[in-house]
Number of protein chains: 2
Amino acid sequence: MSDQPMLPIEAGTAPEPDIVVVPGRRLRARLVATFATAEPGDFRTVAAERLDLIHGGIAGDRHHGFTRHSGGREPWFPRGTEIANDRQLSILSLEDLAEIATRLDVPEVRPEWIGANLVVEGIARFSFLPKGTRLFFEDGAVVALAGQNAPCKIAGRAIAAEVPDRPDLELGFPKAAKRLRGVIGWVERPGPVFPGQAVSVHVPEQWIYPA
Amino acid sequence: MSDQPMLPIEAGTAPEPDIVVVPGRRLRARLVATFATAEPGDFRTVAAERLDLIHGGIAGDRHHGFTRHSGGREPWFPRGTEIANDRQLSILSLEDLAEIATRLDVPEVRPEWIGANLVVEGIARFSFLPKGTRLFFEDGAVVALAGQNAPCKIAGRAIAAEVPDRPDLELGFPKAAKRLRGVIGWVERPGPVFPGQAVSVHVPEQWIYPA
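Parameters and conventions
Residues numbered from 1 in each chain as written. Chains lettered and ligands numbered in written order. Predicted model: local features only at pLDDT ≥ 70, side-chain atom pairs only at ≥ 80, totals over all residues. Heavy atoms only, no water. Helix = DSSP H or I, 4+ residues; strand = E, 2+ residues; numbered from the N terminus. Rg over C-alpha atoms; globule rule 2.2 N^0.38 Å. Buried < 20%, exposed > 50% of the residue type's maximum accessible area, 1.4 Å probe, protein only. Areas by Shrake-Rupley, 256 points an atom, 1.4 Å probe, with all protein chains shown as cover. Lys, Arg positive; Asp, Glu negative; His and termini not counted. Charge placed at Lys NZ, Arg CZ, Asp CG, Glu CD. Pairing = 2+ DSSP bridges. Contact = heavy atoms within 4.5 Å. Buried area = accessible area lost by both parts, 1.4 Å probe. Salt bridge = Lys/Arg side-chain N within 4 Å of Asp/Glu carboxyl O. Polar contact = N/O pair within 3.5 Å; in protein donor to acceptor, adjacent residues only side chain to side chain. Least-squares fit on C-alpha atoms with pLDDT ≥ 70 in both. UniProt positions renumbered as here; feature names shortened; annotations may be inferred. Phe/Tyr/Trp six-rings, centres within 6.5 Å; stacked < 30°, edge-to-face > 60°.

The name an unreviewed UniProt entry gives chain A is MOSC domain, with Pseudoxanthobacter soli DSM 19599 as the organism.

So this is what it looks like as structure tokens:
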């Protein structure tokens, strides 16, 4: 972040002067792969030539909906509580997937093994894009990011099923993929997405809440 | 933030070691006032004994909906584009309102003048709560925060209409209220909200995206 100006908030416009606001900025990326739900009940996804993003998520996808039922990722709710759905899509980067593969000492970790919907290329440390980042796709769709996706044993098992003689991957994946397993997000504006599209990544201004 | 531990991400779990992850934490607050839409078309709100938060926002409120039409706050969309609605509620703090009043040299700025729905007390620099913060209300409702609300001339005009002989407030408000005008948010889990409720504020872990 050496070339990013760190701007203190303007004198006289906040109660305390110790919050540093880092300006938002735009980055360029490319969408390199799109995947849709495979069989009902199957964790994996399958390559698709194109996805139609609509309000609520991917048309026809099992994660589509304005609400969803809470699960193990939200232990503060009784399981099955109907909550707002900010987990409409799973988005990964080629670079983070390659890093996971290196750490696991496997030739590759394919995004469809772990339920990815979109894979992008060209953003360093993609999984660290902050909440509120917007991905503007070339043909009009916009996806808002809700934060990092936590790698779990279910995804680890799916990877282990694809790699011969590596049962250790089931438990190894959650550790190796921490903060590399991409982000979740929701559709802000509908539109088509397909491989080859340019993506403008709008990182919002950020600060660390100090209280 | 002197007593907050700054944790570098674990060695070997991220491509680069220069991202500092600040842990999430919980803060205690109190809900001190609730307001509902006044007349249709009226910017102001009116005190309500209780609000029913449902998926999409406040039952019966003009801002309720899973989607909304974009306006001047989203100049990157053609006006009227149907987008996901993360602006279901306007939430302010007593402390930030008092600071705005001090800066404007007026006895008070009442939350209902500027369309507030919820007013809380007890959180320092409330308007800086980061995107993804969750407010857990005592009786089950949960509201997710989407970021700072930008003060505008319309709100300034509403304040000027309430304070005799201070036409300067219309233009003075947007400047004085910057980063003090509260936050917007959406309903994550339905439930009733009413004055006096305890609020548990879950601030998520944070970092500054470095790329």
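So that's the structure; there's more coming.
Turning to the overall build of chain A, a few remarks are in order. Secondary structure summary: chain A contains 3 helices and 15 strands in total. In terms of overall dimensions, chain A is globule-like: its C-alpha atoms have a radius of gyration of 18 Å, near the 17 Å expected for 211 residues. With the C-alpha coordinates aligned to their principal axes, the bounding extent of chain A is approximately 60 × 40 × 35 Å. The buried share of chain A, reckoned over its 211 residues, is 56%. Taken as a whole, chain A presents about 9000 Å² of accessible surface, with 54% of it coming from carbon and sulfur. With 24 positive and 27 negative side-chain charges, chain A shows a separation of 3 Å between the mean positions of the two kinds.

What follows concerns the sheet that holds strand S14 (residues 191-193) of chain B. Residue and element names in this part refer to chain B. A sheet is described by the order of its strands in space; here 3 strands give the open sequence S6-S5-S14, paired in antiparallel fashion. Only two strands of the sheet have a single neighbouring strand rather than two, namely strand S6 (57-58) and S14. Pairing analysis gives 3 bridges linking strand S5 (residues 51-54) to S14, with the strands arranged antiparallel. Looking at S14, one finds that Leu51 is bridged to Val193.

So, about the environment of Pro167(A). The residue Pro167(A) is located in the loop between helix H2 (153-160) and helix H3 (169-176) in this model. The sequence separation of Pro167(A) and Arg181(A) amounts to 14 residues, and the corresponding C-alpha distance is 20 Å.

All right, on to the interface of chain B and chain A then. Taken together, the contacts link 58 residues of chain B with 58 residues of chain A. Note on chain B versus chain A: buried area summed over both sides is about 5200 Å², and carbon and sulfur give 60% of it. The interface formed by chain B and chain A contains 6 salt bridges. Of the charged contacts, one joins Arg179(A) and Glu205(B) as a salt bridge, the two residues approaching to 2.8 Å between their closest N and O atoms. Counting the contacts that link chain B with chain A gives 20 residue pairs in polar contact (both at pLDDT 80 or more).

Okay, the pairing of strand S15 (residues 198-203) of chain B next. Residue and element names in this part refer to chain B. A large share of S15 lies buried, amounting to 6 of its 6 residues. Residue alternation in S15 divides its side chains into two sets, Ala198, Ser200 and His202 and Val199, Val201 and Val203, and both sets are buried. Examined bridge by bridge, strand S3 (residues 25-37) and S15 share 6 bridges and lie antiparallel to one another. Note that in S15 the partner of Arg28 across the bridge is Ser200.

What follows deals with the sheet that holds strand S6 (residues 57-58) of chain A. Ordered in space as S6-S5-S14 (chain A), the 3 strands form an open sheet in which the pairing is antiparallel. Whereas interior strands pair on both sides, the edge strands pair on one side only; in this sheet they are S6 and strand S14 (191-193) of chain A.

Our next topic: the relation of the copies chain B and chain A. With an RMSD of 0.0 Å, the operation that places chain B on chain A is a rotation of 180 degrees combined with a shift of 0.0 Å along the axis. Seen this way, the second copy is the image of the first under a two-fold rotation axis. Interface residue correspondence from chain B to chain A reaches 100%, placing this contact among same-surface, isologous pairings.

When the UniProt feature table is mapped to this numbering, "domain: MOSC" (unreviewed entry) covers residues 44-202 of chain A. For residues 44-202 of chain A, helix accounts for 17% and strand for 31%, while the C-alpha atoms at its two ends are 29 Å apart.

Turning to the environment of Ala29(A), a few remarks are in order. All names here are of chain A. In this structure, Ala29 sits in strand S3 (residues 25-37). When the C-alpha positions of Ala29 and Val201 are compared, they lie 7.0 Å apart, and in sequence the two are 172 residues distant. For Ala29, the contacting residues outside a window of four places in its chain are Glu121, Ile123, Gln197, Ala198, Val199 and Val201.

Bringing the packing of aromatic side chains into the picture now. Per the counting criterion, the structure on display carries 8 aromatic pairs over all chains. Ring plane angle 25 degrees and centroid distance 6.1 Å describe the contact between Phe136(A) and Phe77(B), whose orientation is recorded as stacked. Here Phe136(A), found in strand S11 (residues 134-137), pairs with Phe77(B), found in the loop between strand S7 (67-69) and strand S8 (82-84), and the two come from separate chains. Through pairs of rings, three or more aromatic residues link up here, namely Trp76(A), Phe77(A) and Phe136(B).

Of note in the backbone geometry, Asp165(A) takes a positive phi value of approximately 60 degrees without being a glycine. Its location among the elements puts Asp165(A) in the loop between H2 and H3.

Residues and elements named next belong to chain B. With respect to the helices and strands, the residue Ile83 is situated in strand S8. Judged by its relative accessible area of 1%, Ile83 falls in the buried class. Separated by 87 residues in sequence, Ile83 and Glu170 have C-alpha atoms that sit 29 Å apart.

Turning our attention to the side chain of Arg87(B). Residue and element names in this part refer to chain B. With respect to the secondary-structure elements, Arg87 resides in the loop between S8 and strand S9 (89-93). No salt bridge is formed by the buried Arg87; its nearest oppositely charged neighbour, Glu74, is found at 4.7 Å. Reaching out from Arg87, the side chain makes a polar contact with the side chain of Asn149 at a distance of 3.1 Å.

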